[in-house]
Amino acid sequence: MTLAQLRAFLAAMDLGSFTAAAAEIDSTQASVSELVARLERELGMPLFTRGGRRLVPTAAARELRPHALRAVSAIGEGIGAITALRSLDGGICTFGVLRNAAYYDLSDLVETFHLRHPHVRVRLVGLNSALVAESIAAGEIEAGLVVLPVAASGLAVTPLFRDEVVYASANRAARGGAVDIEEIAAAKLVLYDAYAGWNDPTRRQLLERARARGLALEPAIEVEHVETALGLVAAGTVDTIVSRTIAESEAFPDGIRTFPLSEPLYDTVALVQREGVIISPATQRLAELAQRMLLERVTEHGGRTSLI
């Protein structure tokens, strides 16, 4: 049973002749007659009583009609939905962003996208990069921005820029110089992204450095948000590490000094999607917008971050 057969059947039933049906669906009388005949053979029952000037529907035809209408209508709605997706007049896009997206001037990403494509629904998920990567690999999110390294199996990764990681303290002497891994391991630290823990990409890099020198790295306090961590640092309770973008933001607390690491460490921001999977046009457009906004930011603030 094909869509063409159902359309021919419905037209013939509604208009009462194969000739009128052919004109309605832009076909020929012979083609419509053959389509209906094939449908009858598949069903094993006649749909029309032929003869006279008008086709007379059988009981089978009257029974089939509502189901055929729903099938043809559903296909039409499906085609319309796909067309809307392609034209960005509808649909939904799902995109993962950095947990600290506001510091990268991405807070207006959704607003900008929505103004350009008001009929597209947006689901923007802000999680730790490790969790964003897992969600993309599982097909829960179409694409997203992450900090590397993440588990990249099955993912297509496009690095965009690097953001230097610095040490933040309210107690360390201003002329203390660069901070080595031994000092970090001995310090009283607060680390954020508590839920992700050592799966957090920045934490993972720091932990690998400590282990390479036989050192343990255990934070005194773990919190979820960087703002909470910075509040504790400003109070002189603990020290932490942050990206230079956060350290140079207007929201960074007064009284906290930052220091480079003796062995430079970077957050590499990348665009990630599932390998070999075509993402929806809406999500593709949002990804392009996010990438452009980030790269513009890097260009405007040269020296704070660097292009790959």
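Relevant structure appears above.
Reading the values: rules and limits
- Residues numbered from 1 in each chain as written.
- Predicted model: local features only at pLDDT ≥ 70, side-chain atom pairs only at ≥ 80, totals over all residues.
- Heavy atoms only, no water.
- Helix = DSSP H or I, 4+ residues; strand = E, 2+ residues; numbered from the N terminus.
- Rg over C-alpha atoms; globule rule 2.2 N^0.38 Å.
- Buried < 20%, exposed > 50% of the residue type's maximum accessible area, 1.4 Å probe, protein only.
- Contact = heavy atoms within 4.5 Å.
- Areas by Shrake-Rupley, 256 points an atom, 1.4 Å probe, with all protein chains shown as cover.
- Lys, Arg positive; Asp, Glu negative; His and termini not counted.
- Charge placed at Lys NZ, Arg CZ, Asp CG, Glu CD.
- Phe/Tyr/Trp six-rings, centres within 6.5 Å; stacked < 30°, edge-to-face > 60°.
- Pairing = 2+ DSSP bridges.
- Patch = residues over 30% accessible without salt bridge, like charges linked within 9 Å, V, L, I, M, F, W, Y side chains within 5 Å.
- Salt bridge = Lys/Arg side-chain N within 4 Å of Asp/Glu carboxyl O.
- Polar contact = N/O pair within 3.5 Å; in protein donor to acceptor, adjacent residues only side chain to side chain.
- Core = buried A, V, L, I, M, F, W, Y, C linked by side-chain atoms within 4.5 Å.

A. A look at the overall build of the protein chain. A count of helices and strands for the protein chain gives 11 helices and 11 strands. Its C-alpha atoms give the protein chain a radius of gyration of 31 Å, clearly above 19 Å, the size a compact globule of 308 residues would have. If you line up the protein chain on its principal axes, its C-alpha atoms span 105 × 35 × 30 Å. Here the protein chain, with 308 residues, has 44% of them falling under the buried criterion. Within the protein chain, contacts between residues separated by at least 24 positions form 75% of all contacts whose residues are at least 6 apart in sequence. Working note: accessible area of the protein chain is about 15,500 Å², and carbon and sulfur atoms make up 51% of it. For the protein chain, the centre of its 30 positive side-chain charges and the centre of its 37 negative side-chain charges are spaced 7 Å apart.

B. Representation of the packing of aromatic side chains within the structure. A full pass over the atoms with the stated rule returns 3 aromatic pairs. Measuring from centroid to centroid gives 5.9 Å for Phe9 and Phe48, while their planes differ by 45 degrees, and the two rings are tilted. Of this pair, Phe9 sits in helix α1 (residues 3-15) while Phe48 sits in strand β1 (residues 48-49), and the two are 39 residues apart along the sequence. Both rings, one in Phe18 and one in Phe48, keep their centres 6.3 Å apart while their planes meet at 90 degrees; by these two values the pair is edge-to-face. A residue pair is termed long-range when its members are at least 10 positions apart, and Phe18 in helix α2 (residues 18-24) and Phe48 in strand β1 qualify at 30 residues. Per residue, the accessibility class of Phe18 equals that of Phe48, and both read buried.

C. Structural context of the pairing of strand β10 (residues 257-274). Bridging between strand β5 (residues 143-148) and β10 involves 6 bridges; their strand directions are antiparallel. Across the sheet, the residue bridging to Leu148 is Thr268, located in β10. Here strand β6 (residues 155-169) runs beside β10; their pairing, made up of 14 bridges, is antiparallel. The residue bridging Asp163 from the neighbouring strand is Asp267, located in β10.

D. Quick peek at unusual backbone geometry. Pro149 follows Leu148 through a cis peptide bond whose omega is 5 degrees. Among the secondary structure elements, Pro149 is positioned in the loop between β5 and β6. The phi dihedral of Asp26 is positive, around 60 degrees, even though this residue is not glycine. Positive phi, close to 60 degrees, is recorded for Asp193, a residue that is not glycine. Secondary-structure assignment places Asp193 in the loop between β7 (190-191) and α8 (201-212).

E. Up close: a nonpolar patch on the surface. A cluster of nonpolar side chains, namely Met1, Leu43 and Met45, defines an oily patch on the protein surface of about 300 Å² accessible area. Position of Met45 among the secondary structure elements: in the loop between α3 (29-43) and β1.

F. Here's a closer look at the pairing of strand β9 (residues 240-243). Burial along β9 is two-sided: the residues Thr240 and Val242 and Ile241 and Ser243 are all buried. With 4 bridges joining them, β6 and β9 adopt antiparallel strand pairing. Looking at β9, one finds that Val166 is bridged to Val242.

G. Inspection of the side chain of Thr240 at higher detail. Its place among the elements puts Thr240 in strand β9. Thr240 sits in the buried class, given a relative accessible area of 1%. There is a polar contact of 2.7 Å between the side chain of Thr240 and the backbone oxygen of Val190. Residues in contact with Thr240, not counting those within four places in the same chain, are Val166, Tyr167, Ala168, Leu189, Val190, Leu191, Tyr192, Leu230 and Val233.

H. Examining the nonpolar core more closely. In terms of nonpolar packing, the biggest core is built from 42 residues, with Phe95, Leu145, Val242, Phe252 and Leu294 touching the most fellow members. Looking at this core, the elements that each hand over two or more residues are β3 (92-98), α5 (109-116), β5, β6, α9 (226-234), α10 (244-247), β10 and α11 (281-300). The dominant element in this core, judged by the number of residues it contributes, is α11, at 8 residues. Among all residues touching Val242, those that are not within four sequence positions of it are Glu164, Val165, Val166, Ala168, Tyr192, Val226, Leu230, Ala247 and Phe252. Ala12, Val36, Leu55 and Leu64 belong to the second-largest nonpolar core, a separate cluster that totals 22 residues.

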